[in-house]
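Residue-level structure breakdown
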Amino acid sequence: SHPTNTSLVELHLTGIPGLQHLHHWISIPFCIMYLVTLAGNSTLLCVIKADPSLHLPMFLFLSMLAVIDLVMSTSITPKMLSIFWFHSTAISLDACLTQMYFVHAFSVMESGLLVAMAFDRYVAICNPLRYLSILTSPVVAVIGLVTLLRAVAFMTPLTFQILRLPLCSSAVVDHSYCEHMAVLKLACGDTAFSNTYSLSVSTYVGGFDSLLISLSYVLILRAVLSLSSPQARKKAFSTCGSHLCVMALFYIPGLLSMYMERYHQELPPHVQVLLADLYLLIPPAFNPLIYGIRTKQIRDGVCRMISR
């Protein structure tokens, strides 16, 4: 039922394969998550910018995370909702490749920034007296620049490889956004390098970064267990637990979706697409709540901004 374009100047996204009749219902939680993402991350940025007492490394990292979440969500959700609401499936090849680059590059950036934030918490809890001398503003800026350059270095070859491959299959992408593996299925050339490179980068980023985060939180929890106050221990456990849950929601669905699509596991296509969607939609919506609203300084900053 979808048009076939042999030149592939224009592609067509199917949304969620097999669940097209439920698109209007699926759009409701997706739209709510996007609105929460916009409101929560925009509020965080305004509060941190307006309050000089929040110009600390922890909140500078949080500002970077908010910007990444806004860009990552906005790169896919408006088009996704237009598919669900108006059946607007068409997307130009250039726009598709641009969307693919932004989605994957900012996912790598978010992963790197989560590592930086875990390191920030480790220094703050395990070495509090040297916190501001270790994480100075130039160091924070360098960490942010390194996460950006790493994402560009990893994702640029992937996009150029897609550009070099002849795309000659049906113009239909069985996905709700231009995910790399879904677009790669349209290629009729040798895709071995792209497949291997994509799998290697995803495994390295997901595996290595999650290992560093886990190590940081193990050291944090060890320091927390030495605290004499049960109330302080409970608060620290609650904070670390919520952080780890959000990180798990970011890493696990993305890796599962990629590996299952790569190795053709017997899983319904709509489950794979939903996993890929949720790992880009849930963390940006929950990050402002977990990292921001639950932080007393942010709550106080919001109250001061409202009172002004």
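Residues numbered from 1 in each chain as written. Predicted model: local features only at pLDDT ≥ 70, side-chain atom pairs only at ≥ 80, totals over all residues. Heavy atoms only, no water.

This part takes up the overall build of the protein chain. What the protein chain contains, in helices and strands, is ten helices and three strands. Traced from its N-terminal end to its C-terminal end, the protein chain shows the element sequence β-α-α-β-α-α-α-β-α-α-α-α-α. Residues counted as buried form 49% of the 308 residues belonging to the protein chain. Expressed as a percentage of contacts within the protein chain between residues at least 6 apart in sequence, the contacts between residues at least 24 apart total 79%. A total accessible area of about 14,600 Å² is found for the protein chain, and carbon and sulfur atoms account for 70% of it. (Helix = DSSP H or I, 4+ residues; strand = E, 2+ residues; numbered from the N terminus. Buried < 20%, exposed > 50% of the residue type's maximum accessible area, 1.4 Å probe, protein only. Contact = heavy atoms within 4.5 Å. Areas by Shrake-Rupley, 256 points an atom, 1.4 Å probe, with all protein chains shown as cover.)

Moving on to the confidence of the model for the protein chain. Residues of the protein chain with pLDDT of at least 70 account for 90%, and the chain-wide mean is 84. A low-confidence stretch, residues 1-6 (pLDDT under 50), is modelled with eleven contacts involving residues beyond four sequence positions or located in other chains. (pLDDT = per-residue confidence, 0-100.)

With that out of the way, let us pick up helix α1 (residues 23-50). Here α1 spans 40 Å end to end across 28 residues, near enough to the 40 Å set by a 1.5 Å rise per residue. What α1 keeps buried is the set His 23, Ile 26, Ser 27, Phe 30, Cys 31, Met 33, Tyr 34, Thr 37, Asn 41, Leu 44, Val 47 and Ile 48. Where the residues of α1 are buried, they touch α2 (57-86), α9 (269-293) and α10 (296-307). (Expected span 1.5 Å × (residues − 1).)

Now for α2. Every α-helix carries 3.6 residues per turn, so stepping three or four residues along brings you back to the same face. Helix length check: α2 (30 residues) gives 43 Å between terminal C-alpha atoms against 44 Å at 1.5 Å per residue, within 8%. Along α2, 22 of the 30 residues are buried, which leaves the element largely enclosed by surrounding structure. In the stretch just after α2, His 87 is the one whose phi turns positive, near 55 degrees.

On the secondary structure map, Ser 63 appears in helix α2. Using a relative accessible area of 15% as the deciding quantity, one classes Ser 63 as buried. In contact with Ser 63, not counting residues within four places along its chain, are Leu 45 and Ile 48.

Rolled over the atoms, a probe sized like a water molecule indicates the empty space that remains. Within the structure shown, the criterion is met by two cavities of 30 Å³ or more. Approximately 80 Å³ is the volume attributed to the second largest cavity. Every residue lining the second largest cavity is listed: Met 58, Phe 61, Met 117, Asp 120, Arg 121, Tyr 217, His 243 and Tyr 291. Within the residue set of the lining of the second largest cavity, elements represented by two or more residues are α2 and α3 (93-126). A total of three residues in the lining of the second largest cavity trace back to one element, the largest contributor, which is α3. Residues that form the lining of the second largest cavity fall into these classes: five nonpolar, one polar and two charged. (1 Å grid on protein atoms, 1.4 Å probe; cavity = no way out; pocket = protein on both sides within 12 Å on 5 of 7 lines; lining within 4 Å. Points joined across faces, edges and corners; volume = space filled by probe spheres on them. Nonpolar A, V, L, I, M, F, W, Y, C, P; charged D, E, K, R; others polar.)

Scanning all chains against the criterion turns up seven aromatic pairs. Pairing Phe 102 with Phe 106 gives two aromatic rings, centres 5.7 Å apart and planes at 10 degrees, and the pair type is stacked. Here Phe 106 and Phe 102 lie together in helix α3, a separation of four residues that amounts to about one turn. Here Phe 102 falls in the partly exposed class, since its relative accessible area comes to 35%. Geometrically, the ring pair formed by Phe 193 and Tyr 197 is stacked, given 5.7 Å between the ring centres and 25 degrees between the ring planes. One end of the pair, Phe 193, and the other, Tyr 197, are both in helix α7 (residues 192-225), four residues apart, so they sit about a helical turn from each other. Assessed through its relative accessible area of 18%, Tyr 197 is described here as buried. (Phe/Tyr/Trp six-rings, centres within 6.5 Å; stacked < 30°, edge-to-face > 60°.)

With that settled, consider the pattern of salt bridges. In the structure shown here, the tally under the stated rule is three salt bridges. The partner of Asp 51 in a salt bridge is Arg 304, and the shortest N-O contact between them spans 2.3 Å. Here the residue Asp 51 occupies a position in the loop between α1 and α2, and Arg 304 occupies one in helix α10, the gap between them amounting to 253 residues. Of the residues examined, Arg 304 reaches a relative accessible area of 34% and is grouped as partly exposed. One salt bridge in this structure joins Arg 150 and Asp 209, with 2.7 Å as the shortest N-O distance. Pair noted here: Arg 150 is in helix α5 (residues 137-164) and Asp 209 is in helix α7, with a separation of 59 residues, a long-range link. (Salt bridge = Lys/Arg side-chain N within 4 Å of Asp/Glu carboxyl O.)

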